[in-house]
Amino acid sequence: MCEPKLIIGCGILQKEINFLIVKNGWRLATTFIPSGLHVDFDKLEHSLTKALQMRKDEPAVVFYGACHPCMDEVLGETNVVRTPGQNCVDIYLGHEMFCRELEQGAFFLFEDWAVNWKNIIGSVMPGDPEIMRGIFRSAHKYLLAVRTPCSGDFRAEAEAISLMTSLELRWVDVGLEQLEENLATTLDRVRALKQ
């Protein structure tokens with residue numbers, strides 16, 4: 001049996017993962033990578049590769065979806081198991097809810113992205129507000145702000161993003177059950193690895 005010792009993952013759900021580690025008594029270290037790196041594949045690959053190399057001999061869970069077009073190649077022959085799911089939203093909400101909201105035109109907004117919006121989106125979007133609105137409105141119909149039991153109050157940030165993008169703001173409260181089940185299952189898959 002290969003006992004997992006580490007979660008390397010996207011910082012978008014850092015508070016939620018840390019809460020579940022304590023709740024379940026999982027003896028795991030964590031390394032979180034800033035969620036804003038999703039908009040820069042080179043930086044994401046560099047940061048993830050560096051984190052994997054620093055802990056290369058430890059069995060680990062990688063809390064990421066297919067957030068990089070070459071995610072499986074980035075993980076390579078490491079001693080890790082990646083959480084199943086297209087992305088962090090899919091992993092958190094569950095595939096059915098994720099697909100339903102995506103098909104209806106949602107742009108998903110967690111607290112971490114809302115709070116860091118200007119740094120994340122400002123690094124890739126043009127400065128002209130009308131161009132940014134056009135880009136968002138061409139692909140989405142509304143912002144779906146996801147509140148978790150660990151979320152702080154990010155209403156002001158979400159409302160400002162709604163104004164910037166001219167997308168309607170909707171809210172949904174989602175518990176930790178889906179994330180907890182996903183992490184527990186992935187931890188079991190790491191344990192099943194041969195040393």
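In this numbering scheme, every chain counts its residues from 1 along its sequence in written order. Restriction of local features to residues with pLDDT of at least 70 applies here, the model being predicted, together with a cutoff of 80 or more for giving and counting side-chain atom pairs; totals for whole chains, interfaces and linings are based on all residues. Working from all heavy atoms in the structure, the side-chain values ignore hydrogens and water.

Any two of the Phe, Tyr and Trp rings considered here, Trp counted by its six-membered ring, make a pair once their centres fall within 6.5 Å; the pair's planes then place it as stacked at under 30 degrees, edge-to-face at over 60, or tilted in between. Here the structure, examined in full by the defined rule, presents six aromatic pairs. Seen in terms of ring centroids, Tyr92 and Phe110 are 5.7 Å apart; in terms of plane orientation they differ by 90 degrees. Their pairing is edge-to-face. Placement of the pair is Tyr92 in helix α4 (residues 88-93) and Phe110 in the loop between β5 (106-109) and α6 (111-115), with a sequence separation of 18 residues. Relative accessibility under 20% of the residue-type maximum defines a buried residue, over 50% an exposed one, and the middle range a partly exposed one, all with a 1.4 Å probe and only protein chains included. Accessibility expressed as a relative area gives 0% for Tyr92, which makes it buried. Where helices and strands are cited, they refer to DSSP runs of H or I of at least four residues and of E of at least two residues respectively, numbered from the N terminus.

Once that is clear, we can look at the pairing of β5. Covered by surrounding structure in β5 are Ala106 and Phe108 together with Phe107 and Leu109, the residues of both alternating faces. Bridge count between β5 and strand β6 (residues 142-147): four bridges; the pairing is parallel. Its bridge partner being in β6, Ala106 is matched across the sheet by Tyr142. DSSP-based pairing: two strands are paired if at least 2 bridges between them are found.

Let us now look at the environment of Ser47. By the secondary structure assignment, Ser47 is in helix α2 (residues 41-54). Overall, Ser47 belongs to the partly exposed group, its relative accessible area being 21%. Apart from the residues lying within four places of it in its own chain, the contact partners of Ser47 are Ile33 and Leu37. A contact between two residues is defined here by any heavy atoms of the two lying within 4.5 Å.

Turning our attention to the sheet that holds strand β3 (residues 60-63). Within a beta sheet, neighbouring strands are joined by backbone hydrogen bonds and run either parallel or antiparallel to one another. Taking strand neighbours across the sheet as the criterion, the four strands line up as β2-β1-β3-β4 in an open arrangement whose pairing is parallel. In this open sheet, the two edge strands, each paired with only one partner strand, are β2 (29-33) and β4 (80-82). Across the sheet, the mean angle from the axis of one strand to that of its neighbour is 20 degrees, orientation sign disregarded. In this sheet, β3 lies alongside strand β1 (residues 6-10) in parallel orientation, the contact comprising four bridges. Opposite Ile7, over in β3, you have Val61 as the bridge partner. Fitted lines through C-alpha atoms serve as axes, helices being fitted only where they are in contact, and the angles separating the N-to-C directions of these axes extend from 0 to 180 degrees. Those strands touched by helix α1 (residues 14-24) are β1, β2 and β3, and its axis lies near 170 degrees from that of β2. Of the strands in this sheet, β1, β3 and β4 touch helix α10 (residues 177-191), which is tilted by about 140 degrees from β3.

Now for the state of the cysteines. Only a pair of cysteine sulfur atoms within 2.5 Å qualifies as a disulfide here. In the structure shown here, the tally under the stated rule is zero disulfides. You can see Cys10 has no disulfide; the closest cysteine sulfur is in Cys88, sitting 4.0 Å from it.

Tracing the chain through its elements places Thr83 in the loop between β4 and α4. Those residues in contact with Thr83, other than ones at most four positions away along the chain, are Val61, Val62, Phe63, Tyr64, Ile91, Asn182, Leu183 and Thr186.

Burial runs high along β1: five of the five residues are buried. In this sheet, β2 lies alongside β1 in parallel orientation, the contact comprising five bridges. The partner of Leu6 across the bridge, within β2, is Ala29. A clockwise path from the first strand over the helix to the second, with the strands pointing away from the viewer, defines a right-handed crossover. A crossover links β1 with its parallel partner β2, the connecting element being α1, and its sense is right-handed.

Turning our attention to α1. For α1, the complete set of buried residues consists of Glu16, Ile17, Leu20 and Ile21. Down the axis of α1, the buried side of the element spans an arc of 140 degrees, and every buried residue falls inside it. Looking at the buried side of α1, the elements it contacts are β1, β2, β3, α4 and α10. At the exit of α1 stands Gly25, carrying a positive phi of roughly 65 degrees. What the arc covers is the set of directions going from the helix axis to the C-beta atoms.

Quick look at the packing of helix α8 (residues 129-139) against helix α9 (residues 155-165) now. Packed helices, taken two at a time, are described by the angle their axes make and the gap between the axes. In the contact formed by α8 and α9, the axes pass within 8 Å of each other and the chain directions differ by 95 degrees. In this view, α8 runs roughly perpendicular relative to α9, as classed from their interaxial angle. Touching Pro129, Met132, Arg133, Phe136 and Arg137 of α8 are Leu163, Met164 and Thr165, all from α9. Considering only residue class, the contact of α8 with α9 consists of five nonpolar, one polar and two charged. Throughout, the term roughly parallel applies to angles under 35 degrees, roughly antiparallel to angles over 145, roughly perpendicular to angles from 65 to 115, and oblique to all others. All residues other than Ala, Val, Leu, Ile, Met, Phe, Trp, Tyr, Cys, Pro, Asp, Glu, Lys and Arg, Gly among them, are scored as polar; the first ten of these are nonpolar and the last four charged.

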